[in-house]
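Examining the three-dimensional arrangement
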Amino acid sequence: MSLVNTEQMASLLNTLATVQSSDMEYRRQGRLIIVISSAMVALAVALLLIPRTVDEPFVTQFLLAAGIMIYLSTGTLARRGYVRTAAYFLVGFSFSSVFIPLLESPDTIIIFYLTIPILITSMILPPNRTWVLLGIAVLIVGISAWRHGADVSTLASILFLVCIVAFLAYLGARSMTQALQTARAAQNIAEQSEVALHEANIGLEARVTERTADLQETLQTLTEREAQLQTLLADLQTSQDTVRELSSPIIPVTATVLIAPLIGIIDSARAKMFTTALLEAVERQRARIIILDITGVPIIDTQIAQVLVQTADAIRLLGAQVTLVGIRPEVAQTVVGLGVDLSNIQTYRDLEQALSDIHH
């Protein structure tokens, strides 16, 4: 329960000490004014509650009551942002509370109380105001001493002490002002850096967004090009298959006779496709005679010769007869030189001779 009350009290004090100002120096001075005014109100209330003697002047009670009203007003003004006005009210009333009795009697104790408004001035007003207040205080003390014929040496000693206090208060206020100016400059630099960083982040985000859009566009373009390349590759493959089929056609002459001319250079892939297509045609059309025309083959090597032999063997296994035509002299010489055995394959010089022999 005590912890809750403490937190509530701290929250209340924080709310009461809140100054409605965007200036850091004004907020500092405003909080000091609120604290000093609150302390003065508490002190004045305590003095009013102390039992009074019958012969005590009425002006004392009036000043205490007026002080309570003025201090409450200065605190309210400070909270609402009228810091400089509240400061002058606070300093003016504090100084008046001292110099009015001082005009009546230049008492050394009363002169010493001049340090209070001087210290308050150094805390809530610009440092040079301390010297102005000190000058007014010295002038009032001099007038009071001249009117009442007071001891000048004693008053001078007290005034010297007040001057020392004023000087120290001035140094403290000046140091505080310089520190706050340095802090304000650092804050301005930090704010400018934050603004610059924010603008840089915005620019960076814009560049990243732009670069991302460019990359996406490039990726889209690459994807479209890849699709086009795939289409071109498929078309090329189809064209190659068509060329292979056209370069190795299977032509039916009669119901039982097929002509399979070979044209161009024969590689392993084309040889495999030719053999497969030829065997399927033999089985499909139930052919009995297959004429392999190699007139258009420029070169016969061991691989091509083996393909011809293997194809002929496979056709014979299907019950058909293989006839080889178009063997030119140089091809015959190559086949003999390679030692390829074509004895199981009937050969003719040209297609006309083979067809003529088949018809007879």
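I will try to describe carefully the structure that is included in this document. (Residues numbered from 1 in each chain as written. Predicted model: local features only at pLDDT ≥ 70, side-chain atom pairs only at ≥ 80, totals over all residues. Heavy atoms only, no water.)

Right, let's get into the pairing of strand β2 (residues 257-263). For β2, the buried fraction is high: 6 of the 7 residues fall into the buried class. In this structure, strand β1 (residues 251-252) lies alongside β2, joined through 2 bridges in antiparallel fashion. In the sheet register, P252 faces β2, and the bridge partner there is L258. Where β1 folds back onto β2 in an antiparallel hairpin, the turn is made up of 4 residues. Where β2 meets strand β3 (residues 289-296), 6 bridges bridge the pair, whose relative direction is parallel. Pairing of V257 across the sheet is with I289, part of β3. (Buried < 20%, exposed > 50% of the residue type's maximum accessible area, 1.4 Å probe, protein only. Helix = DSSP H or I, 4+ residues; strand = E, 2+ residues; numbered from the N terminus. Pairing = 2+ DSSP bridges.)

In this section: the side chain of T323. With respect to the helices and strands, the residue T323 is situated in strand β4 (residues 321-325). Look at T323 and you get buried, because its relative accessible area is 2%. Ignoring sequence-local partners within four residues, the contact set of T323 consists of I289, I290, I291, L292, Q346, Y348 and A354. (Contact = heavy atoms within 4.5 Å.)

Looking now at the nonpolar core. The biggest cluster of nonpolar side chains holds 38 residues, and the ones touching the most others in it are I33, I111, L114 and I124. Where this core is concerned, the elements lending two or more residues are α2 (24-49), α3 (58-79), α4 (83-104), α5 (108-112), α6 (115-124), α7 (129-148) and α8 (152-247). For this core, the element with the most residues is α4, which contributes 9 residues. (Core = buried A, V, L, I, M, F, W, Y, C linked by side-chain atoms within 4.5 Å.)

A few words on a nonpolar patch on the surface. Taken together, W131, F160, I164, F167, L168 and L171 make up a surface patch of nonpolar side chains, about 590 Å² in accessible area. A per-element tally of the nonpolar patch places α8 first, with 5 residues. Structurally, the position occupied by I164 is in helix α8. Classification of I164 as partly exposed rests on a relative accessible area of 36%. (Patch = residues over 30% accessible without salt bridge, like charges linked within 9 Å, V, L, I, M, F, W, Y side chains within 5 Å. Areas by Shrake-Rupley, 256 points an atom, 1.4 Å probe, with all protein chains shown as cover. Salt bridge = Lys/Arg side-chain N within 4 Å of Asp/Glu carboxyl O.)

Turning to the packing of aromatic side chains, a few remarks are in order. This structure, assessed with the given rule, holds 3 aromatic pairs. With 5.4 Å between their ring centres and 85° between their planes, Y71 and F93 make a pair best called edge-to-face. Taken as a pair, Y71 in helix α3 and F93 in helix α4 lie far apart in primary sequence, 22 residues in all. No difference in accessibility class separates Y71 from F93, as the two residues are buried. Relative to Y170, the ring of W131 has its centre 5.2 Å away and its plane inclined at 50°; by these criteria the two rings are tilted. Residue W131 is located in helix α7, and its partner Y170 is located in helix α8; the two are separated by 39 residues in the primary sequence. (Phe/Tyr/Trp six-rings, centres within 6.5 Å; stacked < 30°, edge-to-face > 60°.)

Without other data, these values stay purely geometric and don't point to any function.
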